[in-house]
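Survey of secondary and tertiary structure
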Amino acid sequence: GAAKAVGVPRHTLDKIALLLRAHLVLTVHRRFIHNYPDCFRGSEAIEWLVTNVYASNVTDAETTMQHLLYRRIILRVDHTKPLFNSLLQPLAPGLAKWRWRKQLGWYQSGARTYNKAVLYTFNLASFARYRLVVKMN
């Protein structure tokens, strides 16, 4: 359905997701007081798509990434850590985990627009759901 709207077949999007997962370098990024491990900046994915000719220009690359975000193959991660959760973790780990899951769910339902300036990670559950297999070197 939605893959047709952006003019990119679903199997091509799956291939691009696998290539991004295999070739983008995931690192720890710091935002304010939090560290976000295993993530990439939105602009890095755009640059990789254009450089490796999987998108003809930045607009096409953003459209492709928007669709991967829509399918939840990638997730936005910055600002997904509740304030003071690191202090709560030693005292009430169950409550801290619940707060994190709740905030993550609320945040992902509101984060529907791809933004080059923010941080993303790969949603490995979606790779499993869509039966995408990553072959790492």
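For the structure, check the block above.
A short tour of the structure in this document, coming up. Note that the coordinates shown come from a computational prediction; the quantities given were computed from them, not determined experimentally. All residue numbers refer to positions counted from 1 along the written sequence of the respective chain. Local features in this predicted model are restricted to residues of pLDDT 70 or higher, and side-chain atom pairs are both shown and tallied only at a pLDDT of 80 or more, whereas totals for entire chains, interfaces and linings draw on every residue. Processing note: side-chain calculations cover all non-hydrogen atoms of the structure and skip hydrogens and water entirely.

Some points on the pattern of salt bridges
Note that side chains of opposite charge can pair when their charged atoms are close. Here is the rule we go by: For this document, the term salt bridge refers to a Lys or Arg side-chain nitrogen within 4 Å of an Asp or Glu carboxyl oxygen. Think of it this way: any DSSP run of H or I at least four residues long counts as a helix, any run of E at least two long counts as a strand, and we number them from the N terminus.
A complete count under the given rule lists two salt bridges for this structure. Here D14 and R71 are joined by a salt bridge, their closest N and O atoms 2.8 Å apart. Residue D14 is found in helix α2 (residues 10-23), and its partner R71 is found in the loop between α4 (58-70) and β3 (74-76); the two are separated by 57 residues along the sequence. A salt bridge links E62 to K116; the nearest nitrogen and oxygen atoms lie 3.7 Å apart. Taken as a pair, E62 in helix α4 and K116 in the loop between α6 (93-110) and β4 (119-122) lie far apart in primary sequence, 54 residues in all.

Brief notes about unusual backbone geometry
Generally, phi is negative for residues other than glycine and the peptide bonds are trans, each holding for most cases. One non-glycine residue with positive phi stands out, namely D38, at about 50°. Structurally, the position occupied by D38 is in strand β2 (residues 34-41). A positive phi angle, close to 60°, is found at V53, a residue other than glycine. Residue placement: V53 occurs in the loop between α3 (42-51) and α4.

Some thoughts on the packing of α2 against α3
Put simply, the rule reads: Throughout, an axis means a line fitted to C-alpha atoms (over the contacting stretch in the case of helices), and angles, computed between N-to-C directions, take values from 0 to 180 degrees. An angle counts as roughly parallel when it lies under 35 degrees, as roughly antiparallel when it exceeds 145, as roughly perpendicular when it falls between 65 and 115, and as oblique in every other case. In this scheme the crossing of two helices becomes right-handed for a clockwise turn of the near helix relative to the far one and left-handed for an anticlockwise turn of less than a right angle. Pairs of residues are marked as contacts when any of their non-hydrogen atoms sit within 4.5 Å. Any residue that is not Ala, Val, Leu, Ile, Met, Phe, Trp, Tyr, Cys, Pro, Asp, Glu, Lys or Arg is counted as polar, Gly included; the first ten are nonpolar and the last four charged.
For the pair α2 and α3, the least separation of the axes is 11 Å and the interaxial angle reads 115°. With respect to their mutual orientation, α2 and α3 come out roughly perpendicular. Crossing angle aside, the handedness with which α2 passes α3 is right-handed. Here I16, L19, L20 and H23 of α2 come into contact with α3, specifically with A45, W48 and L49. Class assignment of the residues belonging to the contact of α2 with α3 gives a composition of six nonpolar, one polar and no charged.

So, the environment of L68
Spelled out, the test is: Classification of residues uses two cut-offs on accessible area relative to the type maximum, computed with a 1.4 Å probe and protein chains only: under 20% is buried, over 50% is exposed, and between them is partly exposed.
Tracing the backbone shows L68 in helix α4. For L68, a relative accessible area of 0% translates into the label buried. Sequence separation between L68 and I16 is 52 residues, and the spatial gap between their C-alpha atoms is 9.2 Å. Every residue in contact with L68, bar those within four places of it in the chain, is listed here: L13, I16, A17, L20, I73 and I74.

Examining the nonpolar core
Going by this rule: Grouping buried Ala, Val, Leu, Ile, Met, Phe, Trp, Tyr and Cys residues that are joined through side-chain atoms within 4.5 Å yields what is termed a nonpolar core.
Counting 24 residues, the largest nonpolar core has L20, F40, L49, M65, L68, I74 and Y114 as its most contacted members. Of all elements in the fold, only α2, α3, α4 and β4 reach the threshold of two or more residues within this core. Ranked by residue count, the leading element in this core is α2, at five residues.

Quick look at the sheet that holds β4
What counts is decided by this rule: What makes two strands pair is DSSP finding at least two bridges between them.
The four strands lie next to each other as β1-β2-β4-β3, forming an open sheet whose pairing is antiparallel. If you trace the sheet from one side to the other, it starts and ends with β1 (27-31) and β3, each paired once. Neighbouring strand axes in the sheet, compared pairwise and without regard to direction, differ in orientation by 55° on average. In this structure, β2 lies alongside β4, joined through two bridges in antiparallel fashion. Of the residues in β4, the one forming a bridge with R41 is L119. Against the sheet, α4 contacts β2, β3 and β4, and its axis sits at roughly 85° relative to β3.

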